[in-house]
Each structure stands twice: as C-alpha cells, then as structure tokens.
Amino acid sequence: MAAWLVARGHEVRVVTAPPYYPDWAVGAGYSARTWKRERWQGVDVWRCPLWVPTRPGGVKRLLHLASFALGSFPVMLRQIIWRPDVVWVVEPALFCAPVALVVARLNGAKAWLHVQDFEVDAAFDLGLLRGKFLRGVVAGAERWLMRCFDVVSTISQRMHQRLLDKGVAPAQAVLSPNWVDVLAITPGGHGLPLQAGTTTLAAEMPGLENSFRVQLGIAPDAVVALYSGNMGGKQGLELLADVAKLCLAQAGRAQAAIVFVFCGNGAGRVDLMQRCAGLPNVHFLELQPIERLNELLAMADVHLLPQRADAADLVMPSKLTGMLASGRPVLATAHPGTELAFVVQGCGVVVPPEDPSAMALAMQALAADSRLRTQLGAAGRAYALAHMDREAVLQRFESDLMALASRN
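What counts and what doesn't
- Residues numbered from 1 in each chain as written.
- Predicted model: local features only at pLDDT ≥ 70, side-chain atom pairs only at ≥ 80, totals over all residues.
- Heavy atoms only, no water.
- Phe/Tyr/Trp six-rings, centres within 6.5 Å; stacked < 30°, edge-to-face > 60°.
- Buried < 20%, exposed > 50% of the residue type's maximum accessible area, 1.4 Å probe, protein only.
- Lys NZ or Arg CZ within 6 Å of the ring centre and 35° of its normal.
- Salt bridge = Lys/Arg side-chain N within 4 Å of Asp/Glu carboxyl O.
- Helix = DSSP H or I, 4+ residues; strand = E, 2+ residues; numbered from the N terminus.
- Expected span 1.5 Å × (residues − 1).
- Arc of directions from axis to C-beta.
- Contact = heavy atoms within 4.5 Å.
- 1 Å grid on protein atoms, 1.4 Å probe; cavity = no way out; pocket = protein on both sides within 12 Å on 5 of 7 lines; lining within 4 Å.
- Points joined across faces, edges and corners; volume = space filled by probe spheres on them.
- Nonpolar A, V, L, I, M, F, W, Y, C, P; charged D, E, K, R; others polar.
- Patch = residues over 30% accessible without salt bridge, like charges linked within 9 Å, V, L, I, M, F, W, Y side chains within 5 Å.
- Areas by Shrake-Rupley, 256 points an atom, 1.4 Å probe, with all protein chains shown as cover.
- Disulfide = S-S within 2.5 Å.

A.B. asks: Help me understand the packing of aromatic side chains in this model?
C.D. replies: The geometry of an aromatic ring pair is captured by the separation of the ring centres together with the interplanar angle, meaning the angle of the planes. One pass over the structure, following the stated rule, counts seven aromatic pairs. Geometrically, the ring pair formed by Tyr20 and Tyr21 is edge-to-face, given 6.4 Å between the ring centres and 80° between the ring planes. Look at Tyr21 and Trp24: their rings are 6.0 Å apart centre to centre, the planes differ by 75°, and that puts the pair in the edge-to-face class. The exposure class assigned to Trp24 is buried, which follows from its relative accessible area of 8%. Taken together, the ring pairs connect Tyr20, Tyr21 and Trp24 into an aromatic cluster. Note that Lys36 overlies the ring of Tyr30, its terminal NZ or CZ placed 4.3 Å from the centroid. Over the face of the ring belonging to Phe212 we find Arg292, whose NZ or CZ atom lies 3.9 Å from the ring centre.

Below, the structure written as structure tokens:
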C-alpha cells in the first residue's frame, strides 16, 4: 500500500518494527534493540526496537505490543517536524493509537485508525485475557479512543457494523477491504510479477508443471488441499490434523488421493507437526518468498480456511483474498450468518467450526468432483475481480485520504 502511494506521487513514511513475524524471531540484518532508517521502494521506513518473546501469549503479548509503542514513541514525535497531512495507524496494535492521535493533533493533521482485527474483543473471546472488570475497562477505553479519530476504517461489513456498535459515528466509519493484486495472482499460477503502478497484464502459461508438486513428490492426479498462512491461535489449526487423519482412514473409498500441504510459520506450527507425525498424506513447507506465492496458491485444488468459532466477525482472514484470486475453491469453517460464511458460500464450501468430520466429508466431496471445483474456483476469481482488485481498492483509499486531508 505504501509503495503504491509513493508510485502515485505521495510522500509516505512508515514507522514500524524490524521484521519478526510470523517466526517470532528478528530477521537477519535487523535488531530488536536499535532504531534503523531505510528506503524501501521509495518509502521512508523507520524501524523501532521492541521486545519479541519466543512464545507469545497473554501478558507476554501485551508487553510485546507495549514495548513497540514505547520504542516508536520518539520516532513518532519526530514526525511532527515533517508535518504530515494524515497520520494512519493500524490495529493491531491499539497501543500505538494514542501516540498517533497525539502526533496528528499536535501537527494539525487528520488521524485515521484502520482496524484489521478487533484485538481487544479477540483477546478476551479467545481466552488470551480474562476478567469481566478488566474487559469493561479496556473496552471502554477502546470506544473512547476510536471516537477521537477523524476516520475509523475496517475490512468487512460485519466489522464495520461493530465499529458503529462501539459508538463510532456513521460519517467516521469507512469500509476499506483487504485487496489482492489480481494481475500477479492468477488461476494459471504464472501471472507476471508486477511493480507498483505498472499496467502489465498477467498471462497464463499452460503446460508448465507446478514446481511445488514436483518438490513434494505429489502425483499429478492427486487432489491437493492447501493451508497457507500464519500458524497461530485464531486459526484452530488442530482441526486440520484431524481432517487429514479422517481422509487417510477413508482413502480406499475416495475417488481421488487427497494430499494435505501446510505452509507457513507461527506459534502453532510445532504442535500441528506433532499432531500430523507419521501421516503420509501430509507435507509441510516453510513460509515462501512473495515471488513464489502465485505458484504456491496454484498448487492447490482446494484451499483450506479453518477459523475458530469464537473468532467469528472479530477478524476477516486476509489470506482469503489470494485464495479467491487463484481461482480455486475454498473450504472454510464458519457459522452461518458470519461474514466469512457469506463470502465463501458462493465460491466454496462452508462447514461448522471445530467439526473435523464435517470438514473431511466436504473435502472428500470436492476431491471427487472436479467440475464443481472448477465452477467454485471461477466464482471465487470473479468475486476477487469485482471486490478485491488492488487498483480499485487502493484508488478508493487514495480518494478518501485526499478528501480527509483537504477537510477543514
């Protein structure tokens, strides 16, 4: 997003941490103890120190987030000299919102809070934090803080309604969905790599064998069920191990061999690997570089999107955009009536959360029906083109930014 804005002629500074996610380990060439300034695709990036726990959770996660708010505080204050037109901050982490608001007000700039996850609600609903009194205090502070911003945006209709329920005025609440580069992520898996601002068209290259299938020794006629993304607590990944076991146990009755590929890193990876130990129908891949994302997604015949029941409408999985753009059906876990169920039901299959038998049956049905997979995948691609196209979403975002900056 920042690179796209720079390519459009805007000046953008990003105050962020050194890269550490989802491995929870600071990347090579960076430090968690010092500040660093660098130039990335025309963006002026300021990296600030923070504490990175090896096993995050509960109080440790709170201290982790608070450490970044503290480490970034002097850098944020320094931006007052630069005099930005808009200060844009993303939640998580809400700890950073007060400083962003103060900098905007001292500078005469507009303040924009973008809610990617409702981290306060999620922390209590997922059991990371506990206590009725504590929740009341924190939720009250969150509502007050949100109402102080000129604009508060979020990524789905249900999350937008939650903003209104928290007291954000309708004129301040904006829908700003996740986007995907539909030219770089294509059904053929061979979209041309793009740079921000270019108009090169993607092209499919039929006849090229998927290198991930070759690397893992997956038979050409096997059906690949792929989970690619963060392996954390909100996903309920233990479900996938149970589904893989059920599909393996019933392999003799299935019309096609089903192979599960789990790609990514995070706090839950080790546990998932232990649960899948000894399963011949399961493969693991490390987090892949962005240059290989298109081919990775194209390896799938079905994308897996597990979500814990208590995370419904608190988050909208950002990985869904790439899944839909890849032209493959999605098998998701969600309750009826949730935003995730609404989006996926037209381009995939939705089963109840935390029900491995239902998910395994749905996976077997998709594996046995290639025509249905093609139809659902095409519908997902059409949805991505209509609602998630990077250029369309970011042009609307730019328009909203310009309007906000010019407001008296």
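A.B. asks: Help me understand the pattern of salt bridges in this model?
C.D. replies: Side chains that differ in charge, positive against negative, can pair when their charged atoms come close. In this structure the tally under the stated criterion is 14 salt bridges. For Asp121, the salt bridge is made with Arg162, and the minimal N-O distance between the two is 3.0 Å. Of this pair, Asp121 sits in helix α4 (residues 119-125) while Arg162 is found in helix α6 (residues 157-165), placing the two residues 41 residues apart along the sequence. Using a relative accessible area of 25% as the deciding quantity, one classes Arg162 as partly exposed. A network of salt bridges, in which partner residues are shared, links Asp121, Arg135, Glu142, Arg162 and Lys166.

A.B. asks: What is the right way to look at helix α15 (residues 390-406) in this model?
C.D. replies: Residues spaced three or four apart along an α-helix face the same direction, because each turn holds 3.6 residues. Taking 1.5 Å as the rise per residue, α15 with 17 residues should run 24 Å; its terminal C-alpha atoms sit 24 Å apart, in good agreement. Among the residues of α15, Arg390, Val393, Leu394, Phe397, Glu398, Leu401 and Leu404 are the ones counted as buried. Axial view of α15: buried residues confined to an arc of 135°, hence all on one face. Exposed side chains of α15 directed beyond 90 degrees from the buried face belong to Met402 and Ser406. On its buried face, α15 sits against α1 (2-7), β4 (86-91), β5 (110-115), β6 (151-154) and α14 (370-387).

A.B. asks: Just checking my understanding: could you explain the layout of surface pockets for this structure?
C.D. replies: Once rolled over the atoms, a probe with the size of a water molecule shows which space is left empty. Considering only enclosed or pocket space, the second largest pocket measures out at about 330 Å³ in volume. Taken together, 17 residues form the lining of the second largest pocket, with Ile155, Ser156, Pro177, Glu339 and Tyr383 sitting closest to its centre. When residues of the lining of the second largest pocket are traced back to their parent elements, those giving at least two are α11 (319-325), α12 (339-344) and α14. Take the lining of the second largest pocket: its biggest share by element is three residues, from α12. Counted by class, the lining of the second largest pocket contains 10 nonpolar, five polar and two charged residues.

A.B. asks: I keep staring at a nonpolar patch on the surface and nothing clicks. Help me out?
C.D. replies: On the surface, a cluster of nonpolar side chains totalling about 340 Å² of accessible area is made up of Phe73, Leu77, Val102 and Leu106. Counting residues per element, the ones that place at least two in the nonpolar patch are α2 (59-82) and α3 (97-107). Considering the arrangement of structural elements, one finds Phe73 in helix α2. Note on Phe73: relative accessible area 38%, which makes it partly exposed.

A.B. asks: Got a minute to help me understand the state of the cysteines in this structure?
C.D. replies: Covalently bonding the sulfur atom of one cysteine to the sulfur atom of another cysteine gives a disulfide. Under the defined criterion, the tally for this structure stands at zero disulfides. Between Cys96, a cysteine without a disulfide, and Cys48, which holds the nearest cysteine sulfur, the sulfur-to-sulfur distance is 9.1 Å. Looking at Cys96, the relative accessible area reads 13%, which means it is buried. Not part of a disulfide, Cys263 finds its nearest cysteine sulfur in Cys276, a span of 14 Å. For Cys263, a relative accessible area of 1% corresponds to the buried category.

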